[in-house]
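Structural description and commentary
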Amino acid sequence: MTDRKPPGVSFESWVDRQIREAAERGEFERLPGYGKPLASIDAPYDELWWIRGKMHREGFAALPPALALRKEAEDALEAVRAARSEREARAVLTEINEKIRAALRRPPPGPPLRLSAFDVDAVLATWREGRTG
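Residues numbered from 1 in each chain as written. Predicted model: local features only at pLDDT ≥ 70, side-chain atom pairs only at ≥ 80, totals over all residues. Heavy atoms only, no water.

By the naming in an unreviewed UniProt entry, the chain is DUF1992 domain-containing protein, taken from Streptomyces flavotricini.

Following this line, the structure appears as structure tokens:
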């Protein structure tokens, strides 16, 4: 689509023709996500949607790694509270503990981590109490 609009042709009809010809050639069918619903169709409007998406695709985070891990640890505790089985809760705790221990061995740049691995048995005891009470 590097063609220039010919003189004397309205911009709208030239664009419409370019789109129609590309569709006839099947060029839209090779696009990623073709035939799938838009992921953000029901999400509230965000003025920075494109920037956030680009940062996510490029692997950038809005938070420094240490703060991102703290946030992930908080999210892990919420996931444990919502877990349906002890096995699921234990898996969540094991995964976050591995990340925390790796970060303690090699501290990420940014603010101090101020985090330690969760005591799996203590957290699961609290989880069990929440289930029975």
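So, the overall build of the chain
Our working rule: The helix and strand labels rest on DSSP assignments: H or I over at least four residues marks a helix, E over at least two residues marks a strand, and numbering proceeds from the N terminus. Put simply, the radius of gyration uses C-alpha atoms, and a globule should come to 2.2 Å times the residue count raised to 0.38. Classification of residues uses two cut-offs on accessible area relative to the type maximum, computed with a 1.4 Å probe and protein chains only: under 20% is buried, over 50% is exposed, and between them is partly exposed. Only heavy atoms enter the contact rule, under which two residues are in contact if any of them lie within 4.5 Å. Reported accessibility uses the Shrake-Rupley method at a 1.4 Å probe radius. Residues are deemed covered only where the shown protein chains occlude them. Under the convention used here, Asp and Glu are negative, Lys and Arg are positive, and both His and the chain ends fall outside the count. Where a charge sits is defined by one atom per residue type, namely NZ (Lys), CZ (Arg), CG (Asp) or CD (Glu).
What the chain contains, in helices and strands, is 5 helices and 0 strands. What you see in the chain, going N to C, is helices and strands ordered as α-α-α-α-α. Radius of gyration (C-alpha) of the chain: 25 Å, far over the 14 Å computed for a compact globule of 133 residues. For the chain, the spread of C-alpha atoms along the three principal axes comes to 75 × 35 × 25 Å. Buried positions account for 17% of the 133 residues belonging to the chain. Long-range pairs, those at least 24 residues apart, make up 57% of the contacts in the chain with a sequence separation of at least 6. As displayed, the chain has an accessible area near 10,900 Å², and 56% of this comes from carbon and sulfur atoms. Here the chain holds 23 positive side-chain charges and 22 negative ones, and the gap between their average locations is 4 Å.

Description of the packing of helix α4 (residues 86-105) against helix α5 (residues 120-132)
This is how it is decided: To get an axis, a line is fitted to the C-alpha atoms, and for a helix only the part in contact is used. The angle between two axes follows their N-to-C directions and goes from 0 to 180 degrees. Take the far helix as your reference; a near helix turned counterclockwise from it by less than a right angle gives a left-handed crossing, and one turned clockwise gives a right-handed crossing. By the convention adopted, Pro, Cys, Tyr, Trp, Phe, Met, Ile, Leu, Val and Ala count as nonpolar, Lys, Arg, Asp and Glu as charged, and the other residues, Gly among them, as polar.
For the pair α4 and α5, interaxial distance at closest approach is 10 Å and the crossing angle is 145°. Considering only the axes of α4 and α5, their crossing is right-handed. Contacts from Glu86, Ala89, Arg90, Leu93 and Asn97 of α4 reach α5 at Val120, Asp121, Val123, Leu124, Trp127 and Arg128. Split into classes, the residues belonging to the contact of α4 with α5 amount to 6 nonpolar, 1 polar and 4 charged.

A few points about the nonpolar core
We apply this condition: Throughout this description, the term nonpolar core refers to a set of buried Ala, Val, Leu, Ile, Met, Phe, Trp, Tyr and Cys residues connected via side-chain atoms within 4.5 Å.
In this structure, Leu69, Val80, Leu93, Ile96, Ile100 and Phe118 are the most contacted members of the largest nonpolar core, which totals 17 residues. Broken down by secondary-structure element, the contributors of at least two residues to this core are α3 (65-82), α4 and α5. Non-local contacts of Phe118, meaning those with residues more than four positions away in its chain, are made with Ala73, Leu77, Leu93, Ile96, Asn97, Ile100 and Val123.

Re the layout of surface pockets
Which entries qualify depends on this criterion: Residues are said to line a cavity or pocket when one of their atoms sits within 4 Å of a point; the points come from a 1 Å grid over protein atoms alone, cavities being sets where a 1.4 Å probe fits but cannot get out and pockets being open sets with protein on both sides within 12 Å along at least five of seven lines. Grid points are joined across faces, edges and corners, and a volume is the space filled by probe spheres set on the points.
Of the voids in this model, the largest pocket is the one considered here, and its volume is about 250 Å³. For the largest pocket, the full set of lining residues is Pro37, Leu38, Ala39, Ser40, Trp49, Trp50, Gly53 and Arg57. Of the residues contributing to the lining of the largest pocket, the split by class is 5 nonpolar, 2 polar and 1 charged. In this model, the second largest pocket occupies a volume close to 150 Å³. Around the second largest pocket, the lining residues are Leu48, Ile51, Arg52, Gly53, Met55, His56, Phe60 and Ala62. Partitioning the lining of the second largest pocket into residue classes produces 5 nonpolar, 2 polar and 1 charged.

Section: unusual backbone geometry
Phi angles above zero are rare outside glycine, and Arg114 is one such case at about 45°. When you line up the elements, Arg114 lands in the loop between α4 and α5. Look at Arg114 and you get exposed, because its relative accessible area is 71%.

Regarding the pattern of salt bridges
Keep this limit in mind: By salt bridge we mean one thing: a side-chain nitrogen of Lys or Arg within 4 Å of a carboxyl oxygen of Asp or Glu.
Across all of its chains, the model carries 11 salt bridges by this definition. Two residues, Arg90 and Glu86, come together in a salt bridge whose shortest N-O distance is 3.4 Å. Taken as a pair, Arg90 and Glu86 lie in helix α4 at a separation of 4 residues, close to a single helical turn. Taking the relative accessible area as the measure of exposure, Glu86 reaches 28% and is therefore partly exposed.

Some points on the UniProt feature "domain: DnaJ homologue subfamily C member 28 conserved" (unreviewed entry) in the chain
What counts here: UniProt positions are given in the numbering used here, feature names are shortened, and annotations may be inferred rather than shown by experiment.
Mapped onto this structure's residue numbering, the UniProt feature "domain: DnaJ homologue subfamily C member 28 conserved" (unreviewed entry) falls at residues 14-81. Helix makes up 57% of residues 14-81 and strand 0%, and the two end C-alpha atoms of the span are 57 Å apart.

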